[in-house]
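Spelled out, the chains give:
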Amino acid sequence: MNLPDPRHFKNIVVLTGAGVSAESGLRTFRDNNGLWREYRVEELATPEAFTKNPKLVHAFYNSRRHTLLQSAKANKAHFALANFESTFEGNFLLVTQNVDNLHEQAGSKNPHHLHGELLRARCGLCEHSVDIEGDLTCQSICRHCGGIGAMRPDIVWFGEMPQQLELIEPALSRCDLFVSIGTSGTVYPAAGFLRLAKTNGAITVELNLEASANSGFFDYCSLGLASDVLPNFFHTA
C-alpha cells in the first residue's frame, strides 16, 4: 500500500515517542541506567516519591540529564521532521512524548512536549519554569520566588496531567493528516490522539519499528527504523 504524500495536506499533526530518540542512544525510562533498575517507578517518578525522597529523585533525573547533554545527538529521523517543517507551506504541529531536546537540536521550531522537558525545572511553590543544564538539589533556589528546596524537574510524573493539551487537542480536531511515530499506543492521553483525529476526518499514518497496540486503526502503516522510514515518508532522503 502506497503511503500518502504529506506535501498534499494542509494541516498536519505529528506525534513522536521513544522510537524516534532510540537511535540517538537514549534508552527507555527503565533502561536509562542499570543502577536504577532496582527501584520501582513509584520511587522515582511520582509526586509522592519527590516528597518522600527528593534526593533520590534528583539523582535519577540528574543522571538522565547528564546522558542527554554529554552523548545524545539528533539523528536522521529528527532532521527529517525539521527539514519537512521548514519547507511545508501548511500548518504543522509537532507533539512529542519525549523529554529530550533532540527535536530542537535538529531545528524543529516549536515542539510541544507532552511529558515535560529534562532541561527545564519548575518551582513547586510558584510554578515558575526555567531552563537548566546543571544538577538540581534539595538546596536549589527558585530564581523567581527565592524559595529553597522546591525546585523539581519540569517532567510530567505519573498521576500528573500532561502539558499543552489545550493547544494540541484543537489542532487534532482540525488536522487532515495525523502521523504517529515511534510510540507504543498504550500511554494516554497520547494514545487517544488517533481517535480524535480520525473522528474529525483526518488521514492517519503510523511509522514505527513494530506495530503498536492500536496499529490496526490507522489508515496506513510503515514499519522500520525511524532513521529509514521518516526521510522516505517526508521526502527528505
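Residues numbered from 1 in each chain as written. Predicted model: local features only at pLDDT ≥ 70, side-chain atom pairs only at ≥ 80, totals over all residues. Heavy atoms only, no water.

A.B. asks: Teacher, can you tell me more about the packing of aromatic side chains here?
C.D. replies: The geometry of an aromatic ring pair is captured by two quantities: the separation of the ring centres and the angle between the planes. Counted by the stated rule, this structure contains seven aromatic pairs. Seen in terms of ring centroids, F60 and Y61 are 5.0 Å apart; in terms of plane orientation they differ by 75°. Their pairing is edge-to-face. Like F60, the residue Y61 is buried in the burial classification. Between Y61 and W157 the ring centres are 6.3 Å apart and the planes differ by 45°, which places this aromatic pair in the tilted class. Highlighted residues: Y61 in helix α3 (residues 54-71) and W157 in the loop between β6 (151-155) and α6 (165-174), separated in sequence by 96 residues. On the accessibility criterion, Y61 (1% relative accessible area) is buried. Given a relative accessible area of 3%, W157 falls into the buried group. For the cation-ring pair, R152 lies above W157, with the distance from its terminal atom to the ring centre recorded as 3.7 Å. (Phe/Tyr/Trp six-rings, centres within 6.5 Å; stacked < 30°, edge-to-face > 60°. Buried < 20%, exposed > 50% of the residue type's maximum accessible area, 1.4 Å probe, protein only. Helix = DSSP H or I, 4+ residues; strand = E, 2+ residues; numbered from the N terminus. Lys NZ or Arg CZ within 6 Å of the ring centre and 35° of its normal.)

A.B. asks: I would appreciate a short explanation of the sheet that holds strand β7 (residues 177-181) in the present structure.
C.D. replies: In a beta sheet, neighbouring strands are held together by backbone hydrogen bonds and run either parallel or antiparallel to one another. The sheet built from six strands is open, its strands ordered β3-β2-β1-β7-β8-β9 with parallel pairing. Looking at which strands have only one partner, the edges of the open sheet turn out to be β3 (112-113) and β9 (220-223). Judged from the five bridges that link them, β7 and strand β8 (residues 203-208) form a sheet pairing that is parallel. The residue of β8 that forms the bridge with F178 is T204. (Pairing = 2+ DSSP bridges.)

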